[in-house]
Amino acid sequence: MSRERNLESIVRYLERAFNSGRISSRQDLLRYVRAVAEAPTDNFVDLTRLAGLDICSDFSGANLSFTDLRHTDLSEADLRGTNLIHADLSNANLNLANFSLAKLSDADLSNVYANETTFKNARLLSSQFSSAQLIATDFTDADLSNADFSYASLVYVDFRHSVLETASFYESVFNGVKFNGANLRRTSFECANLDGVDFFGARLSLANMRRAHFHDCTMEGLWDAQEAQFYGNSGLSKELTLALKQKGAIFQKF
Amino acid sequence: MDSSYCREESIARSEFFTEGEYGDNPSVNTKPNYEDELTELKNILNRDLTPNKRAIIETLIYSWETKFPPASQNISKQSISVEKKKSENTTLTARYPSLNKAS
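None of the values given here were measured: they were computed from a predicted structure.

(A) Seen up close, the interface of chain A and chain B. Listed per partner, the contact involves 36 residues of chain A and 29 residues of chain B. Contributing elements (two or more residues each) for the side of chain A that touches chain B: α1 (3–20), α2 (26–37) and α3 (44–50) of chain A. Sort the elements by how many residues they give to the side of chain A that touches chain B and α2 of chain A lands first, with nine residues. Split by residue class, the side of chain A that touches chain B holds 21 nonpolar, eight polar and seven charged.

Structure, rendered in structure tokens:
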């Protein structure tokens, strides 16, 4: 929504709420708004305190697009359905936070700590997770098309039924990650370290698996691997290589 | 003109316009009593605020109604529950007259 339309709708809301008497203590509201607008700081946590809001519980469904949340402690925050498009969350602490159904497209989440964080059904198109530390993070049914997870550390992360088309996991380290039923078309796992990764039912067509290291991975039951590119890999048995070739994977130097 | 029509219209107008606001008399204040606050809020929202300040102000405005409901709403809610309890009691005593005797 453009700034003008957003402004129009909030003014219309205020007019209706004031007129019907739904908003009490108008002077108090104005005092808080004035305090935030005129505050000498732009720190999100400080402004939240000034507004008398709770960072953990008051921003579910709110519009936080383009906000600067760098280094912010959002652990255990309820951000279900929150609009965080283009928000900068780099280096933030997102442990145990809930981002289900949130809009995080083009958001910067590089270097975040997201242990046991939920991104279920969230929209994370072109989001940045580079160098993030993700443990038991839930991305089930999320749209992560074109997301960047380069150099990230992923332990027991759940990507089941998520969309990761053209996403990148360049040089990422995986341990016990699930990609069951995920769309990994054109996804790059180049130079990634894949330990105990489950690809059962995943679509791997045109994926870039060059120089990826495999250990204890489940590659059986792949939905397809048409034109997936393999080269310089370690840990792939002869049987698995043959099975991948039968699914349409290409093993050659490009 | 039909006198009953005039009377009805007068009643309708008196119900619609609250006392001291709006009306045919130009000497009466025509501004709603929240006009000043609304104007100032509009002016603040029209400022070139940072995305952080704008987000927090918007969240504050939209959550105010829930966080600080008007006192009248609380009273009316309380009176509703009292009324409900009364009617529940009536229904119970109507059903079980022995309850009255016991009390």
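(B) Quick peek at the packing of α2 of chain A against helix α3 (residues 51–67) of chain B. Put simply, α2 of chain A and α3 of chain B touch, their axes get as near as 9 Å, and they point 170 degrees apart. Here α2 of chain A lies roughly antiparallel to α3 of chain B, going by the angle between them. Contacts from Leu 29, Tyr 32, Val 33, Val 36 and Ala 37 of chain A in α2 of chain A reach Lys 53, Ile 56, Ile 57, Leu 60 and Trp 64 of chain B in α3 of chain B. Within the contact of α2 of chain A with α3 of chain B, the residues separate by chemical class into nine nonpolar, no polar and one charged.

(C) Spotlight on the sheet that holds strand β3 (residues 173–175) of chain A. All names here are of chain A. Pairing is parallel in the open sheet, where five strands are placed in the order β1-β2-β3-β4-β5. Looking at strand neighbours, the two that pair on one side only are β1 (133–135) and β5 (213–215), the edges of this open sheet. Looking at each pair of strands side by side, their axes are set apart by 5 degrees on average, direction ignored. Bridge count between strand β2 (residues 153–155) and β3: three bridges; the pairing is parallel.

(D) The arrangement of unusual backbone geometry in detail. Residue and element names in this part refer to chain A. Despite not being glycine, Asp 106 shows a phi value in the positive range, around 60 degrees. If you trace the backbone, Asp 106 turns up in the loop between α3 and β1. A count of 17 C-beta atoms within 10 Å places Asp 106 in the partly exposed class. Phi at Glu 116 is positive, roughly 55 degrees, even though this residue is not glycine. Examined against the element boundaries, Glu 116 turns out to sit in the loop between α3 and β1.

(E) Spotlight on the environment of His 71 of chain A. Residue and element names in this part refer to chain A. Checked against the element boundaries, His 71 lands in the loop between α3 and β1. A sequence separation of 40 residues divides His 71 from Asn 111, and the C-alpha atoms of the two residues are 9.5 Å apart. Beyond its immediate sequence surroundings of up to four residues, His 71 is in contact with Asn 91 and Ala 92.

What counts and how
Residues numbered from 1 in each chain as written. Chains lettered and ligands numbered in written order. Predicted model: local features only at pLDDT ≥ 70, side-chain atom pairs only at ≥ 80, totals over all residues. Contact = placed C-beta atoms within 7 Å. Helix = DSSP H or I, 4+ residues; strand = E, 2+ residues; numbered from the N terminus. Nonpolar A, V, L, I, M, F, W, Y, C, P; charged D, E, K, R; others polar. Axes fitted to C-alpha atoms, helices over the stretch in contact; angles between N-to-C directions. Parallel < 35°, antiparallel > 145°, perpendicular 65-115°, else oblique. Pairing = 2+ DSSP bridges. Buried ≥ 20, exposed ≤ 12 C-beta atoms within 10 Å, placed from the backbone.

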